[in-house]
Amino acid sequence: MADVILENVYKRFGDFTAVEDFNLHINNEEFMVFVGPSGCGKTTTLRMIAGLEDISQGNIKIGDRVVNDVPPKDRDIAMVFQNYALYPHMSVYQNMSFGLRLRKTPKDEIDKRVKEAAAILQIEELLDRRPRELSGGQRQRVALGRAIVRKPKVFLMDEPLSNLDAKLRVEMRAQISKLHQSLGVTTIYVTHDQVEAMTMGTRIVVMKDGLIQQVDSPINLYDKPVNKFVGGFMGSPAMNFLTGTVKDGILTSEHFSVTPDAALKEKLKPYNGKKVFVGVRPEDLFLVGETEIPEENHSVKSIVEVVEPLGAETVIIASVGSDQIVARLDPHAQVKAGDKVTLIADPEKVQAFDLDSETNIRFT
C-alpha cells in the first residue's frame, strides 16, 4: 500500500501542453477519481503514473520512491484497461496468472492467489473458459482479477466500465467499490462519467484542458463548485445557468427574480448593477404550490418545451427567454409542452458566478 504524490507534473507533446502543473497527494487506501471531458488530460496523467508516458517536468512518487525513471513493471502498480486487454488464446486462469508466471512466482502461490481472486469476483466457474466465451461483465471481472493477484501497491483503472451496458455498469460500479473496501489498495480511477465519479470516489479530481479545476469530496463538488465549469460538469442533469443582473442583492432579469440567502447576498454587494451567471440545479426548482418558498421573491417564468416522465420524477426542459433550463419535478406534475409555468428557485441552493472569471461568488 502507498501514497501517490504528483509534484508540478507537466506533459508536453511538442508545443501542446496536455497536462499542466499537476499537484496532487493521493492518500494510502484512497479511491481517487479523475474526471473531465475528453481531451482534458486525465488518461495522460494516469499513464504517466503507470510509466507508460514519460513526464516532461516534475516528480511522481509512489510510496517514498520517485518513479520518474522507473519502468512500469517495477512500479508495483496494476492497471485495468478500457478494452480488458485479455489474451484470446489463454484461459481465464492463464490470463489471471500470466503476470505472476512472468515473475516466476511459485506454482502453488499462483494457484492460491488466482483462486482467491476468482472467489472474490465470483468467477470460479469461468477459470477454464476463453475470453470469447465470456460476456463483457465477465471479461471485466477477469481483468480485475488479473490486477488483484498481483497484490500491487496501487490500482490504476482507465475507464474500465465504458464498454458495458448501463445496467451492467451500475452492477460493476458496486463491485469495484466493494472490492476497494475489502482490499484497501490505493486506487486511481479515470472516467468521463460524472455519475460514476460521484458514486465511487473518496475524492474527485475535476480536470479541464490539462488543469486541475477542483479536488474535493463528491458532496463538496456538488454543493460547493469553485467555478462554473465544475458546477456544470458535476450533476445529472447539469446545473442550469441564466444570465442576470444584481440589483440590491436580488438576482434578476426580464424573466426571473431570485432573492438569494443572506450569505450570498452579502457576497454580491460588490456586484451591484453588474451581470453574473446565476446557477441553480434542476432538483432545486419547483412548480408553484410544490414548495412553501414564496413565489414573489424566487420566481422563474418559463415556457415548457419538453416533458420527460421517468416514473420516479418528471423532467421538463423549458425556455427562460433565450436561455434553457431543466427542472426535476414531482412524477405527477401536470405539465405539457407549450405550458407557461412559474418555477420557484430554492434561495439557499442558488449559486452566482463571476461573468469574466466564472468563479463561484458564494465561496470567494
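So, about the overall build of the protein. For the protein, the count of helices and strands is nine helices and 20 strands. Overall, the C-alpha framework of the protein stretches about 75 × 45 × 35 Å when taken along its three principal axes. Within the protein, buried positions represent 50% of all 364 residues. Taking the intrachain contacts of the protein between residues at least 6 apart in sequence as the baseline, contacts between residues at least 24 apart amount to 67%. Total accessible area computed for the protein in this model is approximately 17000 Å², and 48% of it derives from carbon and sulfur atoms. Charge separation in the protein, taken as the distance between the mean sites of 45 positive and 51 negative side-chain charges, equals 7 Å.

Attention now moves to helix H4 (residues 136-150). In this model, H4 (15 residues) spans 22 Å end to end at C-alpha, consistent with the 21 Å of a helix rising 1.5 Å per residue. Where H4 is concerned, the buried positions are Gly137, Gln140, Arg141, Val142, Ala143, Leu144, Gly145, Arg146, Ala147, Ile148 and Val149. Looking at the buried side of H4, the elements it contacts are strand S6 (77-80), helix H2 (92-102), helix H3 (107-121), strand S7 (154-158) and helix H5 (166-183). Immediately downstream of H4, the backbone of lysine 151 shows phi near 50°, a positive value.

It is common to report an interface's size as the accessible area lost on association of the parts. We note that the domain assignment places domain 1 (4-232) and domain 2 (237-363) within the protein. In this complex, domain 1 contributes ten residues to the contact, which on the side of domain 2 involves twelve residues. Both faces considered, domain 1 and domain 2 share a buried interface measuring about 970 Å² in area, 55% of it formed by carbon and sulfur atoms. At the junction of domain 1 and domain 2, the tally comes to zero salt bridges. Where domain 1 touches domain 2, the interface holds seven residue pairs in polar contact (both at pLDDT 80 or more). Grouping the amino acids of the side of domain 1 that touches domain 2 by side-chain chemistry returns four nonpolar, three polar and three charged.

With mixed pairing, six strands are arranged side by side in an open sheet as S6-S7-S8-S3-S9-S10. Looking at which strands have only one partner, the edges of the open sheet turn out to be S6 and strand S10 (211-216). Between one strand axis and the next, the sheet turns by 15° as a mean value, whatever way the strands run. Across four bridges, the pairing between S6 and S7 is parallel.

Parameters at a glance
Per chain, residue numbering runs from 1 following the sequence as it is written. Two thresholds apply to this predicted model, a pLDDT of at least 70 for residue-level local features and 80 or more for giving and counting side-chain atom pairs, whereas whole-chain, interface and lining totals are computed over all residues. Here the side-chain values reflect all heavy atoms present in the structure, with hydrogen atoms and water set aside. In this description a helix means any DSSP run of H or I spanning at least four residues, a strand means any run of E spanning at least two, and both kinds are numbered starting from the N terminus. With a 1.4 Å probe rolled over the protein chains alone, any residue whose accessible area is under 20% of its type maximum counts as buried; one over 50% counts as exposed, and the rest are partly exposed. Pairs of residues are marked as contacts when any of their non-hydrogen atoms sit within 4.5 Å. Working definition of accessibility: Shrake-Rupley area with a 1.4 Å probe, residue cover restricted to the visible protein chains. Charge assignment: positive for Lys and Arg, negative for Asp and Glu; neither His nor the chain ends contribute. We put the charge of a Lys on NZ, of an Arg on CZ, of an Asp on CG and of a Glu on CD. To estimate how far a helix should reach, multiply one less than its number of residues by 1.5 Å. Each domain's extent is set by a domain assignment, obtained either automatically or from a database. Here the buried area means the combined drop in accessible surface, using a 1.4 Å probe, for two parts upon being joined, counting both sides. What makes a salt bridge here is a side-chain nitrogen of Lys or Arg within 4 Å of a carboxyl oxygen of Asp or Glu, nothing more. Think of a polar contact as two N or O atoms within 3.5 Å of one another; within protein, one of them needs to be a possible hydrogen donor and the other a possible acceptor, and neighboring residues in sequence only count if both atoms come from side chains. Under this grouping Gly is polar, as are all residues other than the nonpolar Ala, Val, Leu, Ile, Met, Phe, Trp, Tyr, Cys and Pro and the charged Asp, Glu, Lys and Arg. Each pair of strands is called paired provided DSSP finds at least two bridges between the two strands. With axes taken as lines fitted to C-alpha atoms, and helix axes fitted only over the stretch in contact, angles between N-to-C directions fall between 0 and 180 degrees.

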